[in-house]
Amino acid sequence: MNVRNDRTDCVGPRAELTRLLLDSGALTADWAPAFEAVPRAAFLPDLMWPYDMATRASRAVDRRTDPATWERYAYADVPVTTQWDDGQHAGEAPGRLPTSSASMPSVVTRMLADLDVFPGARVLEIGGGTGWNAALLAARLGDRRVVTVEIDPAVAARARTALREAGASPHVVCGDGRDGYADGAPYDRLIATVGVRDVPPAWLRQTRPGGLIVAPWGTHYSNEDALLRLTVAEDGSASGPFLRPLEFMKLRAQRLDWDRFRDHVGPYPGDAAESATTVPLADLGEDRRFGGPSFVLGLCVPHCAHLLDAGDEASTLWFFDMTEGSRCWASVTFRHGEPTATVRQSGPRALWDEVSGALEWWQGQGSPAIDCFGLTVTPDGTQHPWLADADHPLPSFSGWTAPAGEAPGGEPSTAPRTLAP
């Protein structure tokens, strides 16, 4: 690789970003030469949408009309959206759904450190995006050691152009990341820059025994991900811990389609069973993006999606069963200032009982953080979450109808299950 280094001096936004990442430990010494050789700005379009972490909103910035602001955001530690609505978007206003981006530099560099590469390693990247991450890998390992897969033809074409103009030439494949890229296998390392809800078996098959898979992983219970680092075993399975919370755009084939719940709720509340709960809304972590119980609730209550309908006088949590053919749902209405909330559950699966039981279990364990949990994936893609180590599988609250903490005949089931529908 012969990356064109456009640094002119150790001043300005680019140098400030490098110092920030080095000082925070997000950029390790072994990755610093590659980071300094590959300018992030070379992979960003003229019109982009940086995300403001304080306001939680994206804004349009155009290099052609405001080059100084554009450069400042290009080297800010913020995510930058580069495509909306799978390319079906026009104009400067943000679209409905961000579908391609340049991730936060601190997230990028920490993930690269977690990948634990070595000289001569072959790496498969899932989610090529702008091409910046592939360029960093190529600067460290060499062009011929890096393959990146991008599903969107327009995004892949722009990445190829940016890589070529930057003097890099890793292999860019336009295809579905679920399939990996068998022609280049086996790989020593696989890194995904998209969130997944189940680990594709192809990724396990294409990573050599002893190799690592680093990917953002979560459940459809929420949009939250956690960075998962799996080690592939000789039998083709893989297991490893969650390292920390984060959030990525989801693999297109694994996005949650909310329209699937259109027929769950008819005339409300219909024949739903009604009860009450004293569980506070705050205990469910709806006011926290990370660090609350949402991620763990998704582990313990499989095939469940939920959302919050917040209002001035009352807020309602909705839960939907994702099992094929199911119409089960639950709602919990919290009236602000009142100690009890109204629970309604419809269908044979009592979703709120499952969620509240899982919440009580998590609290009873001392509310362990995400990095206390992990996942084992079998060669066919079955996923088994665990606490502390693989010998301690999580209880499943699927089918739980007893009062929270009281399972008929003993503890909640610890039987393995596939989490993704």
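Calculation criteria
Residues numbered from 1 in each chain as written. Predicted model: local features only at pLDDT ≥ 70, side-chain atom pairs only at ≥ 80, totals over all residues. Heavy atoms only, no water. Buried < 20%, exposed > 50% of the residue type's maximum accessible area, 1.4 Å probe, protein only. Helix = DSSP H or I, 4+ residues; strand = E, 2+ residues; numbered from the N terminus. Pairing = 2+ DSSP bridges. Right-handed = clockwise from strand over helix to strand, strands pointing away. Arc of directions from axis to C-beta. Contact = heavy atoms within 4.5 Å. Phe/Tyr/Trp six-rings, centres within 6.5 Å; stacked < 30°, edge-to-face > 60°. Lys NZ or Arg CZ within 6 Å of the ring centre and 35° of its normal. Axes fitted to C-alpha atoms, helices over the stretch in contact; angles between N-to-C directions.

Every regular strand shows the same layout, with side chains that alternate between the two sheet faces. Side-chain alternation along strand β6 (residues 123-126) places V123 and E125 on one buried face and L124 and I126 on a second face that is also buried. Sheet analysis places β6 next to strand β7 (residues 146-150), joined by four bridges and oriented parallel. Bridging from a neighbouring strand, V123 pairs with V146 of β7. In the classification by handedness, the crossover that spans β6, the intervening helix α5 (residues 132-141) and the parallel β7 is right-handed.

Here strand β11 (residues 225-232) runs beside strand β12 (residues 238-246); their pairing, made up of five bridges, is antiparallel. For T231, the partnering residue across the bridge sits in β12 and is S239. Following β11, the chain reverses through five residues before pairing antiparallel with β12; G236 in that reversal takes a positive phi of roughly 90 degrees. In this structure, β12 lies alongside strand β18 (residues 373-377), joined through four bridges in antiparallel fashion. Bridge assignment links P241 to a residue of β18, and that residue is G374.

This part covers the environment of D259. Structurally, the position occupied by D259 is in the loop between β12 and β13 (273-277). A residue is classified by how much of its surface remains accessible, and D259, at 49% relative accessible area, is partly exposed. Remark: the alpha-carbon pair of D259 and A157, spanning 102 residues in sequence, is separated by 31 Å.

Those residues of helix α3 (residues 67-74) that fall on the buried side of the exposure criterion are T69, W70, Y73 and A74. Buried residues of α3, viewed axially, fall in a sector of 135 degrees; they line one side. Close packing links the buried residues of α3 with β1 (47-52), β3 (61-62) and β4 (80-84).

Using the criterion set out here, one finds 13 aromatic pairs in the structure. The side chain of R72 reaches across the aromatic face of Y73, ending 4.9 Å from its centre.

Turning to the sheet that holds strand β8 (residues 171-174), a few remarks are in order. What the nine strands build is an open sheet, ordered β8-β7-β6-β9-β10-β11-β12-β18-β19; its pairing is mixed. Edge positions in the open sheet fall to β8 and β19 (383-387), since each of these has one partner strand only. The mean inter-strand angle of the sheet, taken between neighbouring strand axes irrespective of direction, is 20 degrees.

Now for unusual backbone geometry. Each neighbour pair has its own omega, and for A185 with P186 the value is 0 degrees, a cis peptide bond. You can see P186 is positioned in the loop between β8 and β9 (187-192). Cis rather than trans, the peptide bond between Y268 and P269 has omega equal to 0 degrees. Structurally, P269 can be placed in the loop between β12 and β13. The backbone of R56 shows a phi angle near 55 degrees, a positive value even though the residue is not glycine.

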